[in-house]
Amino acid sequence: MLLRASYNLIANRKLDINIGLLGIYHVGKDTYIDGNLSNKPIALSGSEGLTLNGTAAIHYQLNNKFSIGLTGGVPFVVRDVRPDGLTRKFVLSPEFSFNF
């Protein structure tokens, strides 16, 4: 389950800056199959639960067709076990958009 809440600090025709929270609740335990032991799923204790991230984004409209941006996130609350590979101290992502 996912819930996002954000607040625009600046929003006009050229510039948009917002901050927010992104909550992801992993409802079940992840499982894996170790073919050396058996073909039955093995549950990973601690893989369920809440991840809460702080987010920020800035977007600048270059003209009617193109915009650029930068989006980032930082985890505040993490699950004990994260087999999905989402173990990061922060994430920063550049963006380039073409509007048609």
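Residues numbered from 1 in each chain as written. Predicted model: local features only at pLDDT ≥ 70, side-chain atom pairs only at ≥ 80, totals over all residues. Heavy atoms only, no water.

Scanning the protein for helices and strands turns up 0 helices and 7 strands. Listed N to C, the secondary structure of the protein is β-β-β-β-β-β-β in terms of helices and strands. The C-alpha radius of gyration computed for the protein amounts to 19 Å, which surpasses the reference 13 Å derived for 100 residues by more than 25%, pointing to a less compact arrangement than a globule. Summarising its shape, the C-alpha atoms of the protein cover approximately 60 × 25 × 20 Å along the three principal directions. Across the 100 residues that make up the protein, the buried fraction comes to 18%. Within the protein, contacts between residues separated by at least 24 positions form 47% of all contacts whose residues are at least 6 apart in sequence. Surface accessibility of the protein: about 7500 Å² in total, with carbon and sulfur atoms responsible for 62%. Mean positive and mean negative side-chain charge positions of the protein (10 and 7 charges, respectively) differ by 9 Å. (Helix = DSSP H or I, 4+ residues; strand = E, 2+ residues; numbered from the N terminus. Rg over C-alpha atoms; globule rule 2.2 N^0.38 Å. Buried < 20%, exposed > 50% of the residue type's maximum accessible area, 1.4 Å probe, protein only. Contact = heavy atoms within 4.5 Å. Areas by Shrake-Rupley, 256 points an atom, 1.4 Å probe, with all protein chains shown as cover. Lys, Arg positive; Asp, Glu negative; His and termini not counted. Charge placed at Lys NZ, Arg CZ, Asp CG, Glu CD.)

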